[in-house]
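# Inside the fold
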Amino acid sequence: MATVASSTSGTSSTGGTAGAARATGETGGPGEDALLAAFDAAVAAEERIEPRDWMPDAYRATLVRQMAQHAHSEIIGMQPEANWITRAPSLRRKAILMAKVQDEVGHGLYLYSATETLGTSRDELLDKLHSGRQKYSSIFNYPTLTWADVGAIGWLVDGAAITNQVPLCRCSYGPYARAMVRVCKEESFHQRQGFELLMALSKGTPEQHAMAQDAVDRWWWPSLMMFGPPDGESAHSAQSMAWRIKRFSNDDLRQRFVDICVPQAEALGLTLPDPGLRWNEEKGGYDHGPIDWTEFQQVLRGNGPCNEERITRRRTAHEEGAWVREAAAAYAAKHSPAAADATAVAA
Ligand code: BYC
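Keep in mind that this is a model prediction, so the values were computed, not measured.

The subject of this paragraph is the nonpolar core. The biggest cluster of nonpolar side chains holds 78 residues, and the ones touching the most others in it are Tyr59, Trp155, Tyr173, Tyr176, Trp219, Trp220 and Leu272. Residues in contact with Trp220, not counting those within four places in the same chain, are Leu156, Phe257, Val258, Cys261, Leu272, Pro273 and Asp274.

Running from N to C, helix H7 (residues 148–165) and helix H11 (residues 250–268) point in directions that differ by 145°, and their axes come no closer than 10 Å. Taken as a pair, H7 and H11 cross one another with a handedness that is right-handed. Contacts between H7 and H11 involve Trp155, Leu156, Gly159, Ala160, Thr163 and Asn164 on the former and, on the latter, Leu253, Arg256, Phe257, Ile260, Cys261, Gln264, Ala265 and Leu268. For the contact of H7 with H11, the residue count by class is 9 nonpolar, 4 polar and 1 charged.

Considering all chains together, one arrives at 9 aromatic pairs under this definition. Judged by centre distance (5.9 Å) and plane angle (15°), the rings of Trp220 and Phe257 are stacked. Highlighted residues: Trp220 in helix H9 (residues 206–225) and Phe257 in helix H11, separated in sequence by 37 residues. Of the two residues, Trp220 and Phe257, both sit in the buried class. Members of the aromatic cluster, each reached through a chain of ring pairs, are Phe39, Trp54, Tyr59 and Trp243. One cation-aromatic arrangement involves Arg87 over Trp84; the distance from NZ or CZ to the ring centre is 3.9 Å.

The next point concerns the site of the ligand. Neighbouring the ligand are 32 residues; Gln69, Lys135, Ser234, His236 and Lys246 lie closest to it. Within the side chain of Gln69, one N or O atom sits 2.8 Å away from an oxygen atom of the ligand. With respect to the ligand, the backbone of Met225 contributes an N or O atom lying 3.4 Å from a nitrogen atom. In isolation the ligand exposes 1000 Å². Once the protein is present, 91% of that is buried.

The rules behind the values
Residues numbered from 1 in each chain as written. Predicted model: local features only at pLDDT ≥ 70, side-chain atom pairs only at ≥ 80, totals over all residues. Heavy atoms only, no water. Core = buried A, V, L, I, M, F, W, Y, C linked by side-chain atoms within 4.5 Å. Buried < 20%, exposed > 50% of the residue type's maximum accessible area, 1.4 Å probe, protein only. Contact = heavy atoms within 4.5 Å. Axes fitted to C-alpha atoms, helices over the stretch in contact; angles between N-to-C directions. Helix = DSSP H or I, 4+ residues; strand = E, 2+ residues; numbered from the N terminus. Left-handed = near helix turned anticlockwise from the far one by under 90°. Nonpolar A, V, L, I, M, F, W, Y, C, P; charged D, E, K, R; others polar. Phe/Tyr/Trp six-rings, centres within 6.5 Å; stacked < 30°, edge-to-face > 60°. Lys NZ or Arg CZ within 6 Å of the ring centre and 35° of its normal. Near = heavy atom within 4 Å. Polar contact = N/O pair within 3.5 Å; in protein donor to acceptor, adjacent residues only side chain to side chain. Areas by Shrake-Rupley, 256 points an atom, 1.4 Å probe, with all protein chains shown as cover.

Laid out in C-alpha coordinates, this is it:
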(Lines give C-alpha, C1' and ligand atoms only; values in the text may rest on other atoms or scores of the structure.)
Protein backbone atom coordinates (compact mmCIF):
# COMPACT_ATOMS: atom_id res chain seq x y z
CA MET A 1 0.00 0.00 0.00
CA ALA A 2 1.18 3.48 -0.74
CA THR A 3 2.24 5.79 2.03
CA VAL A 4 3.43 9.34 2.37
CA ALA A 5 7.10 10.01 1.64
CA SER A 6 8.27 10.56 5.17
CA SER A 7 11.32 11.78 7.01
CA THR A 8 12.80 8.33 6.43
CA SER A 9 13.25 9.36 2.83
CA GLY A 10 17.04 9.64 2.91
CA THR A 11 19.39 12.45 2.14
CA SER A 12 18.42 13.23 -1.41
CA SER A 13 14.68 13.13 -0.85
CA THR A 14 14.09 16.84 -0.93
CA GLY A 15 10.45 16.98 -0.04
CA GLY A 16 10.15 19.27 -3.07
CA THR A 17 7.32 19.40 -5.55
CA ALA A 18 7.53 15.78 -6.53
CA GLY A 19 8.07 14.62 -2.96
CA ALA A 20 5.09 16.62 -1.76
CA ALA A 21 3.03 15.10 -4.54
CA ARG A 22 3.56 11.64 -3.15
CA ALA A 23 0.32 10.91 -1.49
CA THR A 24 -1.14 8.34 0.78
CA GLY A 25 -2.80 5.30 -0.66
CA GLU A 26 -5.18 5.10 2.28
CA THR A 27 -8.86 4.88 1.41
CA GLY A 28 -9.87 8.08 -0.28
CA GLY A 29 -6.32 8.78 -1.48
CA PRO A 30 -5.38 9.46 -5.09
CA GLY A 31 -5.81 6.82 -7.74
CA GLU A 32 -3.14 4.81 -9.53
CA ASP A 33 -2.57 7.45 -12.20
CA ALA A 34 -1.81 10.16 -9.64
CA LEU A 35 0.49 7.84 -7.72
CA LEU A 36 2.35 6.92 -10.88
CA ALA A 37 2.68 10.58 -11.86
CA ALA A 38 4.07 11.43 -8.42
CA PHE A 39 6.50 8.49 -8.61
CA ASP A 40 7.72 9.53 -12.07
CA ALA A 41 8.15 13.12 -10.90
CA ALA A 42 10.14 12.00 -7.85
CA VAL A 43 12.46 9.91 -10.03
CA ALA A 44 12.86 12.77 -12.52
CA ALA A 45 13.68 15.16 -9.66
CA GLU A 46 16.46 12.80 -8.45
CA GLU A 47 14.62 12.08 -5.22
CA ARG A 48 15.11 8.71 -3.61
CA ILE A 49 12.30 6.18 -3.56
CA GLU A 50 12.08 4.67 -0.08
CA PRO A 51 10.55 1.36 1.07
CA ARG A 52 7.25 2.88 2.27
CA ASP A 53 6.76 5.00 -0.85
CA TRP A 54 4.33 3.87 -3.50
CA MET A 55 6.13 2.32 -6.47
CA PRO A 56 4.98 0.49 -9.63
CA ASP A 57 4.96 -3.30 -9.27
CA ALA A 58 7.35 -3.63 -12.21
CA TYR A 59 9.87 -1.24 -10.56
CA ARG A 60 9.73 -3.33 -7.39
CA ALA A 61 10.14 -6.58 -9.37
CA THR A 62 13.11 -5.18 -11.32
CA LEU A 63 14.84 -4.10 -8.14
CA VAL A 64 14.28 -7.47 -6.48
CA ARG A 65 15.67 -9.22 -9.58
CA GLN A 66 18.81 -7.09 -9.81
CA MET A 67 19.49 -6.71 -6.10
CA ALA A 68 18.97 -10.42 -5.40
CA GLN A 69 21.32 -11.33 -8.26
CA HIS A 70 23.82 -8.89 -6.85
CA ALA A 71 23.51 -10.32 -3.30
CA HIS A 72 23.85 -13.89 -4.60
CA SER A 73 26.96 -12.88 -6.56
CA GLU A 74 28.59 -11.56 -3.42
CA ILE A 75 28.16 -14.77 -1.45
CA ILE A 76 28.92 -17.15 -4.34
CA GLY A 77 31.89 -14.89 -5.12
CA MET A 78 33.47 -15.96 -1.84
CA GLN A 79 34.10 -19.46 -3.17
CA PRO A 80 36.72 -18.98 -5.90
CA GLU A 81 38.93 -16.87 -3.65
CA ALA A 82 38.37 -18.84 -0.46
CA ASN A 83 39.88 -21.72 -2.42
CA TRP A 84 43.30 -20.06 -1.84
CA ILE A 85 43.07 -19.04 1.83
CA THR A 86 44.83 -22.16 3.08
CA ARG A 87 47.52 -21.87 0.39
CA ALA A 88 48.29 -18.13 0.50
CA PRO A 89 52.08 -17.72 0.22
CA SER A 90 52.57 -15.67 3.42
CA LEU A 91 50.77 -14.78 6.63
CA ARG A 92 50.28 -11.22 5.32
CA ARG A 93 48.65 -12.45 2.12
CA LYS A 94 46.49 -14.89 4.07
CA ALA A 95 45.25 -12.16 6.45
CA ILE A 96 44.44 -9.87 3.52
CA LEU A 97 42.56 -12.59 1.63
CA MET A 98 40.57 -13.61 4.70
CA ALA A 99 39.53 -9.99 5.26
CA LYS A 100 38.51 -9.64 1.61
CA VAL A 101 36.39 -12.80 1.58
CA GLN A 102 34.78 -11.67 4.84
CA ASP A 103 33.97 -8.30 3.22
CA GLU A 104 32.18 -10.12 0.39
CA VAL A 105 29.78 -11.88 2.74
CA GLY A 106 29.20 -8.53 4.43
CA HIS A 107 28.20 -7.07 1.05
CA GLY A 108 25.83 -9.99 0.57
CA LEU A 109 24.22 -9.24 3.93
CA TYR A 110 23.68 -5.53 3.20
CA LEU A 111 22.18 -6.44 -0.15
CA TYR A 112 19.87 -9.14 1.22
CA SER A 113 18.71 -6.67 3.89
CA ALA A 114 18.14 -3.97 1.27
CA THR A 115 16.18 -6.45 -0.88
CA GLU A 116 14.04 -7.43 2.11
CA THR A 117 12.83 -3.81 2.31
CA LEU A 118 10.95 -4.56 -0.93
CA GLY A 119 8.81 -7.19 0.76
CA THR A 120 10.72 -10.41 0.12
CA SER A 121 12.34 -12.57 2.78
CA ARG A 122 15.92 -13.77 2.78
CA ASP A 123 14.69 -17.39 2.90
CA GLU A 124 12.71 -16.80 -0.28
CA LEU A 125 15.71 -15.26 -2.03
CA LEU A 126 18.08 -18.04 -0.99
CA ASP A 127 15.54 -20.62 -2.06
CA LYS A 128 15.43 -19.04 -5.52
CA LEU A 129 19.23 -19.08 -5.74
CA HIS A 130 19.44 -22.71 -4.65
CA SER A 131 16.74 -23.82 -7.07
CA GLY A 132 18.26 -21.89 -10.01
CA ARG A 133 15.35 -19.44 -10.32
CA GLN A 134 17.59 -16.44 -9.69
CA LYS A 135 20.99 -15.87 -11.27
CA TYR A 136 24.36 -14.82 -9.90
CA SER A 137 27.19 -13.22 -11.84
CA SER A 138 28.64 -15.31 -14.67
CA ILE A 139 32.18 -14.49 -13.52
CA PHE A 140 32.08 -16.81 -10.53
CA ASN A 141 31.69 -19.91 -12.68
CA TYR A 142 35.38 -19.87 -13.65
CA PRO A 143 38.05 -21.75 -11.67
CA THR A 144 40.91 -20.24 -9.65
CA LEU A 145 43.79 -22.40 -10.84
CA THR A 146 46.80 -20.57 -9.38
CA TRP A 147 47.63 -18.01 -6.70
CA ALA A 148 47.85 -15.33 -9.41
CA ASP A 149 44.10 -15.75 -9.95
CA VAL A 150 43.56 -14.04 -6.59
CA GLY A 151 45.38 -11.02 -8.00
CA ALA A 152 43.52 -11.14 -11.32
CA ILE A 153 40.16 -11.32 -9.52
CA GLY A 154 41.08 -8.31 -7.37
CA TRP A 155 42.35 -6.24 -10.27
CA LEU A 156 39.85 -7.19 -12.98
CA VAL A 157 36.73 -8.61 -11.28
CA ASP A 158 36.66 -6.09 -8.45
CA GLY A 159 37.69 -3.40 -10.93
CA ALA A 160 34.73 -4.27 -13.15
CA ALA A 161 32.48 -4.39 -10.09
CA ILE A 162 33.51 -0.87 -9.05
CA THR A 163 32.97 0.49 -12.56
CA ASN A 164 29.46 -0.99 -12.53
CA GLN A 165 28.62 -0.16 -8.93
CA VAL A 166 29.81 3.41 -8.41
CA PRO A 167 26.88 4.67 -10.55
CA LEU A 168 24.56 2.49 -8.45
CA CYS A 169 25.36 4.78 -5.48
CA ARG A 170 23.00 7.17 -7.33
CA CYS A 171 20.32 4.53 -7.95
CA SER A 172 16.79 5.84 -7.44
CA TYR A 173 16.01 3.26 -4.73
CA GLY A 174 17.38 4.57 -1.42
CA PRO A 175 18.36 1.36 0.41
CA TYR A 176 20.24 0.00 -2.64
CA ALA A 177 22.04 3.30 -3.28
CA ARG A 178 23.12 3.59 0.36
CA ALA A 179 24.34 0.00 0.55
CA MET A 180 26.47 0.65 -2.52
CA VAL A 181 28.42 3.49 -0.88
CA ARG A 182 30.12 1.21 1.61
CA VAL A 183 30.40 -1.69 -0.84
CA CYS A 184 32.27 0.53 -3.31
CA LYS A 185 34.70 1.79 -0.67
CA GLU A 186 35.58 -1.77 0.27
CA GLU A 187 35.78 -2.89 -3.37
CA SER A 188 38.37 -0.15 -3.97
CA PHE A 189 40.65 -1.76 -1.39
CA HIS A 190 40.04 -5.13 -3.02
CA GLN A 191 40.96 -3.82 -6.44
CA ARG A 192 44.18 -2.29 -5.15
CA GLN A 193 45.24 -5.43 -3.31
CA GLY A 194 44.76 -7.39 -6.55
CA PHE A 195 46.84 -4.86 -8.50
CA GLU A 196 49.58 -4.93 -5.86
CA LEU A 197 49.62 -8.74 -5.80
CA LEU A 198 49.92 -8.93 -9.59
CA MET A 199 52.64 -6.27 -9.58
CA ALA A 200 54.68 -8.35 -7.10
CA LEU A 201 54.32 -11.42 -9.33
CA SER A 202 54.94 -9.52 -12.54
CA LYS A 203 58.21 -8.13 -11.16
CA GLY A 204 59.18 -11.47 -9.60
CA THR A 205 60.82 -14.50 -11.20
CA PRO A 206 60.07 -15.38 -14.85
CA GLU A 207 57.81 -18.19 -13.54
CA GLN A 208 55.87 -15.75 -11.36
CA HIS A 209 55.53 -13.31 -14.26
CA ALA A 210 54.23 -16.11 -16.48
CA MET A 211 51.73 -17.14 -13.80
CA ALA A 212 50.41 -13.55 -13.57
CA GLN A 213 50.13 -13.32 -17.37
CA ASP A 214 48.29 -16.65 -17.56
CA ALA A 215 45.77 -15.48 -14.94
CA VAL A 216 45.12 -12.23 -16.81
CA ASP A 217 44.72 -14.19 -20.06
CA ARG A 218 41.99 -16.33 -18.45
CA TRP A 219 40.11 -13.58 -16.54
CA TRP A 220 40.10 -10.74 -19.08
CA TRP A 221 37.25 -11.84 -21.33
CA PRO A 222 34.96 -13.16 -18.56
CA SER A 223 35.48 -9.79 -16.78
CA LEU A 224 34.18 -7.95 -19.86
CA MET A 225 31.12 -10.24 -19.82
CA MET A 226 30.30 -9.14 -16.26
CA PHE A 227 28.73 -5.96 -17.68
CA GLY A 228 26.00 -8.00 -19.33
CA PRO A 229 24.93 -8.48 -22.96
CA PRO A 230 25.50 -5.79 -25.60
CA ASP A 231 23.05 -2.89 -25.39
CA GLY A 232 21.08 -4.11 -28.40
CA GLU A 233 20.37 -7.40 -26.60
CA SER A 234 19.92 -6.08 -23.06
CA ALA A 235 16.32 -6.81 -22.15
CA HIS A 236 16.13 -4.59 -19.09
CA SER A 237 18.50 -1.66 -19.70
CA ALA A 238 16.12 0.83 -21.30
CA GLN A 239 13.48 0.57 -18.56
CA SER A 240 16.06 0.41 -15.75
CA MET A 241 17.73 3.55 -17.07
CA ALA A 242 14.38 5.34 -17.37
CA TRP A 243 13.74 4.48 -13.71
CA ARG A 244 17.30 5.61 -12.83
CA ILE A 245 18.17 2.25 -11.35
CA LYS A 246 20.94 1.91 -13.92
CA ARG A 247 22.70 5.13 -14.90
CA PHE A 248 24.76 3.88 -17.84
CA SER A 249 24.28 1.17 -20.41
CA ASN A 250 26.15 -2.16 -20.29
CA ASP A 251 28.34 -1.20 -23.28
CA ASP A 252 29.17 2.26 -21.91
CA LEU A 253 30.37 0.79 -18.61
CA ARG A 254 32.31 -1.95 -20.42
CA GLN A 255 34.03 0.73 -22.54
CA ARG A 256 34.93 2.72 -19.42
CA PHE A 257 36.44 -0.41 -17.87
CA VAL A 258 38.55 -1.20 -20.95
CA ASP A 259 39.85 2.38 -21.04
CA ILE A 260 40.88 2.16 -17.38
CA CYS A 261 42.55 -1.25 -17.72
CA VAL A 262 44.78 -0.66 -20.76
CA PRO A 263 47.20 1.78 -19.06
CA GLN A 264 47.04 -0.25 -15.83
CA ALA A 265 48.12 -3.40 -17.72
CA GLU A 266 51.05 -1.43 -19.14
CA ALA A 267 52.04 -0.32 -15.63
CA LEU A 268 51.88 -3.96 -14.51
CA GLY A 269 54.06 -5.11 -17.40
CA LEU A 270 51.31 -7.52 -18.49
CA THR A 271 49.51 -7.89 -21.80
CA LEU A 272 45.75 -7.93 -22.25
CA PRO A 273 44.88 -10.95 -24.43
CA ASP A 274 43.22 -9.00 -27.23
CA PRO A 275 45.11 -8.24 -30.45
CA GLY A 276 42.16 -6.01 -31.43
CA LEU A 277 42.80 -3.45 -28.67
CA ARG A 278 43.51 -0.11 -30.33
CA TRP A 279 43.16 3.53 -29.34
CA ASN A 280 40.36 5.16 -31.32
CA GLU A 281 41.04 8.89 -31.50
CA GLU A 282 37.57 9.67 -32.78
CA LYS A 283 35.68 8.10 -29.90
CA GLY A 284 38.38 8.87 -27.34
CA GLY A 285 38.53 5.26 -26.16
CA TYR A 286 39.94 1.85 -27.01
CA ASP A 287 38.34 -0.44 -29.56
CA HIS A 288 38.39 -4.07 -28.49
CA GLY A 289 38.00 -7.41 -30.23
CA PRO A 290 34.72 -9.37 -30.33
CA ILE A 291 33.41 -10.90 -27.11
CA ASP A 292 32.36 -14.55 -27.25
CA TRP A 293 28.70 -14.14 -26.34
CA THR A 294 28.06 -17.83 -26.97
CA GLU A 295 30.32 -18.62 -24.02
CA PHE A 296 28.43 -16.06 -21.91
CA GLN A 297 25.07 -17.65 -22.77
CA GLN A 298 26.43 -21.10 -22.00
CA VAL A 299 27.59 -19.96 -18.56
CA LEU A 300 24.18 -18.35 -17.90
CA ARG A 301 22.49 -21.62 -18.83
CA GLY A 302 24.50 -23.44 -16.19
CA ASN A 303 27.14 -24.89 -18.49
CA GLY A 304 30.19 -22.91 -17.34
CA PRO A 305 33.27 -24.68 -15.96
CA CYS A 306 32.19 -24.38 -12.29
CA ASN A 307 28.38 -23.77 -12.21
CA GLU A 308 27.62 -27.18 -10.75
CA GLU A 309 30.41 -27.00 -8.17
CA ARG A 310 29.45 -23.50 -6.99
CA ILE A 311 25.76 -24.18 -6.49
CA THR A 312 26.34 -27.58 -4.86
CA ARG A 313 28.79 -26.01 -2.41
CA ARG A 314 26.29 -23.23 -1.64
CA ARG A 315 23.43 -25.65 -1.00
CA THR A 316 25.62 -27.79 1.25
CA ALA A 317 26.79 -24.74 3.22
CA HIS A 318 23.16 -23.70 3.67
CA GLU A 319 22.11 -27.14 4.90
CA GLU A 320 25.08 -27.41 7.24
CA GLY A 321 24.29 -23.97 8.66
CA ALA A 322 20.70 -24.89 9.59
CA TRP A 323 21.59 -25.41 13.25
CA VAL A 324 23.11 -21.90 13.44
CA ARG A 325 19.91 -20.32 12.09
CA GLU A 326 17.81 -22.38 14.53
CA ALA A 327 20.00 -21.39 17.48
CA ALA A 328 19.89 -17.71 16.47
CA ALA A 329 16.09 -17.82 16.14
CA ALA A 330 15.74 -19.54 19.54
CA TYR A 331 18.03 -16.95 21.15
CA ALA A 332 16.11 -14.06 19.56
CA ALA A 333 12.78 -15.52 20.72
CA LYS A 334 14.11 -15.97 24.25
CA HIS A 335 15.35 -12.39 24.44
CA SER A 336 12.55 -10.64 22.57
CA PRO A 337 10.40 -8.14 24.51
CA ALA A 338 7.37 -10.42 24.00
CA ALA A 339 9.20 -13.34 25.59
CA ALA A 340 10.30 -11.09 28.47
CA ASP A 341 6.67 -9.96 29.00
CA ALA A 342 5.47 -13.56 29.00
CA THR A 343 8.07 -14.47 31.61
CA ALA A 344 7.03 -11.52 33.79
CA VAL A 345 3.36 -12.52 33.58
CA ALA A 346 4.19 -16.14 34.41
CA ALA A 347 6.18 -14.98 37.43
N1 BYC B 1 25.97 -12.70 -15.11
O2 BYC B 1 18.96 -6.98 -19.61
P3 BYC B 1 20.27 -7.23 -19.00
C4 BYC B 1 31.04 -8.65 -7.49
C5 BYC B 1 21.43 -11.43 -17.08
S6 BYC B 1 29.42 -9.04 -7.54
C7 BYC B 1 24.78 -13.31 -14.95
O8 BYC B 1 21.41 -6.40 -19.47
P9 BYC B 1 20.33 -5.98 -16.39
C10 BYC B 1 31.99 -9.33 -6.62
C11 BYC B 1 20.44 -10.46 -16.47
O12 BYC B 1 20.25 -10.72 -15.08
C13 BYC B 1 29.02 -8.79 -9.26
N14 BYC B 1 23.63 -12.85 -15.51
O15 BYC B 1 20.12 -7.19 -17.40
C16 BYC B 1 31.57 -10.21 -5.65
C17 BYC B 1 19.22 -10.75 -17.31
O18 BYC B 1 18.64 -11.99 -16.91
P19 BYC B 1 17.19 -12.08 -16.18
C20 BYC B 1 27.57 -8.68 -9.47
C21 BYC B 1 23.73 -11.71 -16.22
O22 BYC B 1 19.91 -6.45 -15.05
C23 BYC B 1 32.50 -10.90 -4.89
C24 BYC B 1 19.80 -11.01 -18.67
O25 BYC B 1 21.14 -11.42 -18.46
N26 BYC B 1 27.22 -7.31 -9.72
O27 BYC B 1 31.35 -7.87 -8.31
O28 BYC B 1 19.71 -4.71 -16.91
C29 BYC B 1 33.87 -10.74 -5.14
C30 BYC B 1 19.73 -9.80 -19.58
O31 BYC B 1 20.66 -8.78 -19.17
C32 BYC B 1 24.92 -11.01 -16.38
C33 BYC B 1 25.95 -6.95 -9.90
O34 BYC B 1 25.06 -7.77 -9.83
C35 BYC B 1 26.08 -11.56 -15.80
N36 BYC B 1 27.29 -10.99 -15.93
O37 BYC B 1 21.92 -5.74 -16.40
C38 BYC B 1 34.29 -9.85 -6.11
C39 BYC B 1 25.73 -5.49 -10.15
N40 BYC B 1 24.68 -9.92 -17.14
O41 BYC B 1 17.37 -11.41 -14.82
C42 BYC B 1 33.36 -9.13 -6.86
C43 BYC B 1 24.29 -5.13 -10.25
C44 BYC B 1 23.38 -9.94 -17.44
O45 BYC B 1 16.22 -11.34 -17.05
N46 BYC B 1 23.69 -5.62 -11.46
N47 BYC B 1 22.80 -11.01 -16.91
O48 BYC B 1 16.92 -13.55 -16.05
C49 BYC B 1 23.69 -4.94 -12.62
O50 BYC B 1 24.26 -3.87 -12.74
C51 BYC B 1 22.89 -5.51 -13.76
O52 BYC B 1 21.98 -6.47 -13.26
C53 BYC B 1 23.76 -6.17 -14.87
C54 BYC B 1 22.81 -6.74 -15.94
C55 BYC B 1 24.65 -5.09 -15.51
C56 BYC B 1 24.62 -7.29 -14.34
